[in-house]
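# Structural overview
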Amino acid sequence: MASTALDFLPAPLRSLRLKTKQQELLLRVSALALIYVLAFAVRLFSVLRYESMIHEFDPYFNYRTTLFLSENGFSEFWNWFDSESWYPLGRVVGGTLFPGLMVTAALLHRLLRALSLAVHIREVCVLTAPFFAANTTLVAYAFGREIWDSGAGLVAAALIAIVPGYISRSVAGSYDNEGVAIFALLLTFYLFVRAVNTGSLAWALASAFGYFYMVSAWGGYVFIINLVPLYVLVLLVTGRYSQRLYVAYNCMYVLGMLLAMQIRFVGFQHVQSGEHMAAMGVFFLLQVFFFLDWVKYLLNDARLFKSFLRITLTCVITVGTLALVIGTASGYISPWTGRFYSLLDPTYAKDHIPIIASVSEHQPTAWSSFMFDFHILLFLFPAGLYFCFKRLSDATIFIVMYGLTSMYFAGVMVRLILVAAPAVCLISAIAASATIKNLTTLIRTKSKSPQVTSGKTTGSKAAAKGAVDQSLPFQHNAAIALLLGAFYLLSRYAIHCTWVTSEAYSSPSIVLAARGHNGGRVIFDDYREAYYWLRQNTPPDAKIMSWWDYGYQITAMGNRTVIVDNNTWNNTHIATVGRAMSSYEDEAYEIMQSLDVNYVLVVFGGVTGYSSDDINKFLWMVRIGGGVFPVIKEPDYLVNGEYRVDKGASPKMLNCLMYKLCYYRFGELTTEYGKPPGYDRVRGVEIGNKDIKLEYLEEAYTTSNWIVRIYKVKPPKNRS
Amino acid sequence: MPPSFQTLATATVLLLLFTASAVSCASLPPEDGIRIVSAEKRIDLTGPIVKVYLTLKVENVAAASDAYQVLLAFTPTEVQHLAIVKATRAEGKRKKKTYVPLAVEASDLATSAPNGANLYSVLLDAPLKPGETITLEVLYVLTHSLEPFPAEISQSESQLVYYRDSAVLLSPYHVLEQVTYIKMPSNRIESFTRVDPTSRAGTEVKYGTYSNQAPNSYLPILVHYENNRPFAVVEELVRKVEISHWGNVQITEHYKLRHGGARHKGVFSRLEYQSRPSISGASSFKNLLARLPPRVHSVYYRDEIGNISTSHLRIGSHKSELEIEPRYPLFGGWHCTFTIGYGLPLQDFLFESDDGRRFINLTFGCPLLDTVVDDLTIKVVLPEGSKNPQPIVPFATEKHLETSYSYLDVVGRTTVVLKKNNVVGEHNVPFQVHYEFNPIFMLAEPMMLISAVLLFFVACIAYLHMDLSIGKSS
């Protein structure tokens, strides 16, 4: 034993010796601290490889609003009318966003400033997501301890620290709502489960505040407000109703609702919209249940109670249905939104909302991306479910339900893998922890027994020895082999996660990197080149028309007014831009004049082979434009159902504004050796219209790799 | 070019002909005994900045009085654009020539000169005795004195500019003999005013020799020629120098750059720019060279929206060169802002003076070569706890003190702010800031951190040893 060696130490040192409990605490705290650091550090690949910058599209809006918030204060922010986007409509920013992320970053910034750390707000924004990811590991630990034991909690924390499904949305620089929302989501769930387990009003209150934070941060709070009532319902049905559940849910729902209504973007939707009705229904149901319970306790007569039950249930169901029907019919309760529908029915968006379907992250998930994002967790998940069912409790029921529902949603939309990631990690952690624990107990009992038998022979030890003797042959070796296998799998998981993080999820997408001929890294920084050109060399009130993808970036980096942006709140406006892009130049000119457009920006990858350019997105513009303006017909742009840009393309395609702007003077450029001039490297064809003349627009700027092209709209001609 | 072309342009020139004689002038300069025996004026128009080299042979012809200063005259427009005037006295002959720098200051006699001409006086180190002659070499630099004409050009055109000056030397003294040379960057000279005798040889135009010019003579000339050199104008430059006694000098420079030449008009075609780089956008520029001190480290180059990846750094033992490329090529009238930052080893710049005070020895001006800085601000941030800062700059600047805050500052850092307009490369001379600093202040920040960490651990220990629950848990 280890303690015997310590006996030889002098007395003062011996007093420093840790008790087993303290040793365990020390181990646990240091493991958690290491996990915390790991979760933060693994997300810094992008900063090391590129720079401390904001990634993607939406984060640029968040960054811009955070900047505004930290400069002008909360009250200005709350009442901010942004005239730089959605020209000429503008956008009420304070009322149309979830302010949680911005407020969090601004508060962190202020806190650091108060500690006299002179950091720029951009650094805070870039590191917000990794910071919250690190915090999530702590919550995962606590959650794992709540539903299983502290070992499972530690494993869950370790797994969630590096799970690619979560890293994809929380690397340094991806300053998006999801970054803090997953933390808030898991925290709310943990606090709620804790409240259900303890029946304590304090924990329920805490979970209501967790919910409030979640509502303030992300639209995904709808998942909480539907999952929690579903869970309560399941507990009711399975006969697990308890006072604890009653206290936890009522407190959480009522307070959570009142708090959530303080967020302007949510407001009265929380009591009026269809998505929130389930929670309200369950709330009333719980009251009825409680009432019935009480009556049952008072009556003490089974027959009488049965008839009372029948009457009450009929009344309640009638009243409930009536209220729902009247509410819906009178428009008091708004029906489910398209986004909600498209979650329940994966084919809905494709048919009805092209704007949602056009986003790649809203596509149904492929198997490969499940494998990519979860790796071995995909196999541990069912095993974990088995363990949960074996030791069923209120907490495990919750995690099972969370796991199953979120897995379904992850299958519907790629981006919702993120929501499933914590559940998958927790359930897998149960499997991993329980398995390893079982294996190690096997090994330890076997290895201990000879020592024990050689030492003392007490009755209890002999019994233990007897138990070992009853075990299967080669059990010890098999356990060691299995343990090694488990370690191998877990280390493969760690390697995979690191690799995925560094290769796939750490590129900022605003800066493109490619391998050059000599193996060196070539950087295409064309986006920023163009945005900075706009910022410096156009009049401050210039209006830029581009496809909505680039709207947030143009306003944040170019500091210019845009017609449409990534907040796709007005479909008609986007359709107007889509229509302009897909019309002939003279028709487009009229539309652009009516929108006061000064510059048009298109993204073109034909020179570099950058495939997510506007020509490849063009059919969506046609579809969205055609959805509102029937003048635009998709078949006009296709030849026999095929989308082409070469000589065989349809005449409408060859002469529409988007084609002209992308390929203007491209016909004179040789892009690849041995190919004719005007060879498009993305589509792999020689373009069909090389003699493009622009009448109403002129080339204002084209970036060094031709990725972004900006055209100036000429002023109208003088009347002659 | 045939001479008939050149006379037309003279008509457009503002006619400033000083024919007032020395006698008609009410108040004469004190050393009216001075006479310029011979003067040579070389105007260098090859770059965006006009450099004028004067060689004056001055004689004191007064009967008895010694001369202590020599006056130089400038027109009001010249004074507006005058960046610097430097004068030296040449000694010896031919190869053994040595130059003694002389002080130059704006003369308070300015009001006495005709037509608002301003006078600068060169203070002689030794009085010029009657009958003696000395040779003065004067250099003055004019910024924003080349006017693009046409004012707007398209991508394929090259840039033509006007330069206005006088054929004869404007001087409050009698000039016996004088020549003016104008040097231009290329053979393409559209026109130049003829004031006979005038001749042209290749890229150079010679005016003179003129003899016996009366004081304050002025013969306006106009030169119209091609100049495609980068007209890089830094509209605003803020240099922040942060001194850490732990061994680093951190310099951050915020630039606001503009192409000050003829404005770009119409289309920018990337295809033309890529395929015909020699003719397309001849007056535009796409890179700049900054000369940094040797042993520079941690250099960065970025702007408001992030890092700019196009830059090259060459570190040498005498100087480092940083070649920076803005995000886009700059055409006439285009703007661009960026930030350069770098660290330098402290021991190269910080010294201790005899009285125990410390001083930091830095270079004034802008590290970018061939640029004009319209508005330069240098902020020297001294370490926290520094006292009595005292800047010593060889020319007049606006100075004041402020307090700035950075990492872990409690009382703030004393900051010396120096401001100057119209700065050119000739201003890149050393300047010093003296201050008092007690090394004990260096320990303040580490001690703060140590005590914070200590407090944290003490709190942890206390928490683990205390039972904070209200009721006894079973």
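Summarised in this report is the structure supplied together with it. Note that this is a predicted model, so its numbers are computed, not measured. (Residues numbered from 1 in each chain as written. Chains lettered and ligands numbered in written order. Predicted model: local features only at pLDDT ≥ 70, side-chain atom pairs only at ≥ 80, totals over all residues. Heavy atoms only, no water.)

### Looking at the overall build of chain A
- Broken down by element type, chain A carries 33 helices and eleven strands.
- Taken along the three principal axes of its C-alpha coordinates, chain A extends 110 × 75 × 60 Å.
- Across the 720 residues that make up chain A, the buried fraction comes to 52%.
- Taking as baseline every contact in chain A between residues at least 6 positions apart, the subset at least 24 positions apart corresponds to 71%.
- Working note: accessible area of chain A is about 32,300 Å², and carbon and sulfur atoms make up 63% of it. (Helix = DSSP H or I, 4+ residues; strand = E, 2+ residues; numbered from the N terminus. Buried < 20%, exposed > 50% of the residue type's maximum accessible area, 1.4 Å probe, protein only. Contact = heavy atoms within 4.5 Å. Areas by Shrake-Rupley, 256 points an atom, 1.4 Å probe, with all protein chains shown as cover.)

### Description of the interface of chain A and chain B
- Facing the 29 residues of chain A at the interface are 27 residues of chain B.
- With both sides pooled, the region where chain A packs onto chain B buries about 2,600 Å², and carbon together with sulfur makes up 51% of that total.
- Put simply, chain A and chain B have four salt bridges between them.
- Taken together, the links from chain A to chain B amount to 20 residue pairs in polar contact (both at pLDDT 80 or more).
- Elements with a contribution of two residues or more to the side of chain A that touches chain B: helix H27 (526–537) and strand E10 (697–702) of chain A.
- Sorting elements by how many residues they give to the side of chain A that touches chain B places H27(A) first, with seven residues. (Buried area = accessible area lost by both parts, 1.4 Å probe. Salt bridge = Lys/Arg side-chain N within 4 Å of Asp/Glu carboxyl O. Polar contact = N/O pair within 3.5 Å; in protein donor to acceptor, adjacent residues only side chain to side chain.)

### Looking at the nonpolar core
- Judged by nonpolar contacts, the single largest core of 270 residues is most densely connected at Phe374(A), Tyr402(A) and Phe338(B).
- Leu56(B), Leu119(B), Val138(B) and Tyr218(B) belong to the second largest nonpolar core, which has 52 residues in total. (Core = buried A, V, L, I, M, F, W, Y, C linked by side-chain atoms within 4.5 Å.)

### Observations concerning the pairing of strand E2 (residues 50–60) of chain B
Residues and elements named next belong to chain B.
- Bridge count for strand E1 (residues 34–44) against E2 is ten bridges, and the pairing is antiparallel. Bridge assignment links Ala39 to a residue of E2, and that residue is Leu56.
- Between E1 and E2, which pair antiparallel one after the other, the connecting turn spans five residues.
- Where E2 and strand E7 (residues 133–142) come together, ten bridges link them in antiparallel fashion. Looking at the pairing, Val50 lines up with Leu142 of E7. (Pairing = 2+ DSSP bridges.)

### Overview of the sheet that holds strand E22 (residues 311–315) of chain B
Residue and element names in this part refer to chain B.
- Pairing in this open sheet of three strands is antiparallel, and the strands run E19-E23-E22 from one edge to the other. The sheet terminates laterally at strand E19 (288–292) and E22, the two strands that pair on one side only. Neighbouring strand axes in the sheet, compared pairwise and without regard to direction, differ in orientation by 15 degrees on average.
- The pairing of E19 with strand E23 (residues 320–324) spans five bridges and is classified as antiparallel. Bridging across to E23, Leu289 finds its partner in Glu323. (Axes fitted to C-alpha atoms, helices over the stretch in contact; angles between N-to-C directions.)

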